[in-house]
Amino acid sequence: MGTLAPVLIMMTPRSGSSLIARIFHEHGLWVGRTHNKPGYPSFENIELQQRIRILWTAERHGIEGLHKYKSSKSVNDLRQIVDEIVPPNTPWLFKTGIDSWPIWKDYGARYVFIRRDLESMVRSTVRRNGDGPDRVRRIIRARVEFMDRLSLEHDIPIVDTDKVMAGDFESL
């Protein structure tokens, strides 16, 4: 493998992950070509995201529940995709949803989970997508609970972007 292990930023929707990704990027981590909107950099690598989405969809087709997913074959496929896109010997980060944990869990990344106050994420998602708040709350709560469980099982830090925005950088 020619690439270094990434910092893998895993988040729930509207959690402030772009802020945290920007902090890492400003400290030298490569993010690649992103789909930034004017005044709103997302720090999401377009090519890597598209290629992994295809792999992820193909691998999980017909499998119930994230906890049942096995990624042994996928890790090799994932490494090949990463090696084709990420420059060799370059510190890099990738930002992705917590629901993609199964495909990344055996990759050997430095994982960072991102979230903020549940109701803030719900309000922001409803404003952005127009979905009903009860449905959005259920989906985000399930992802937060999944993240909490993984954090405890694998000793992965959770960064609270509300605290970071208030000047508390301890969780970083």
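Residues numbered from 1 in each chain as written. Predicted model: local features only at pLDDT ≥ 70, side-chain atom pairs only at ≥ 80, totals over all residues. Heavy atoms only, no water.

Relative to the elements of secondary structure, R137 occurs in helix α6 (residues 133-154). Residue class for R137 comes out buried when judged on its relative accessible area of 18%. Here the side chain of R137 touches D134 through a polar contact of 3.2 Å, side chain to side chain. Setting aside anything within four residues of it in sequence, one finds R137 in contact with L118, E119 and V122. (Helix = DSSP H or I, 4+ residues; strand = E, 2+ residues; numbered from the N terminus. Buried < 20%, exposed > 50% of the residue type's maximum accessible area, 1.4 Å probe, protein only. Polar contact = N/O pair within 3.5 Å; in protein donor to acceptor, adjacent residues only side chain to side chain. Contact = heavy atoms within 4.5 Å.)

Compared with the 16 Å implied by 1.5 Å per residue over twelve residues, the 16 Å span of helix α5 (residues 118-129) between its first and last C-alpha is a close match. By the burial criterion, the buried members of α5 are L118, S120, M121, V122, S124 and T125. Of the residues trailing α5, G130 is marked for its positive phi of about 80°. (Expected span 1.5 Å × (residues − 1).)

Now for the nonpolar core. Most often, soluble globular proteins have nonpolar side chains that are buried together. Counting residues in each nonpolar core, the largest one holds 23 residues, and the members touching the most others are W104 and Y111. Where this core is concerned, the elements lending two or more residues are β1 (7-11), α2 (46-60), α3 (72-85), α4 (101-104), β3 (110-115) and α6. Looking at which element gives the most residues to this core, the answer is α3, with four residues. Listed in part, the 14 residues of the second largest apolar core include I9, M11, A21 and I114. (Core = buried A, V, L, I, M, F, W, Y, C linked by side-chain atoms within 4.5 Å.)

Right, let's get into the pattern of salt bridges. Taken as a whole and assessed by the stated rule, the structure comprises nine salt bridges. Notably, a salt bridge pairs D99 with R143, separated by 3.9 Å at the nearest N-O pair. Note that D99 is positioned in the loop between β2 (93-97) and α4 and R143 in helix α6, a separation of 44 residues in sequence. The partly exposed category is assigned to D99, whose relative accessible area is 27%. The class of R143 is partly exposed, set by a relative accessible area of 27%. For D131, the salt bridge identified is with R135, shortest N-O distance 3.6 Å. Taking the relative accessible area as the measure of exposure, R135 reaches 46% and is therefore partly exposed. (Salt bridge = Lys/Arg side-chain N within 4 Å of Asp/Glu carboxyl O.)

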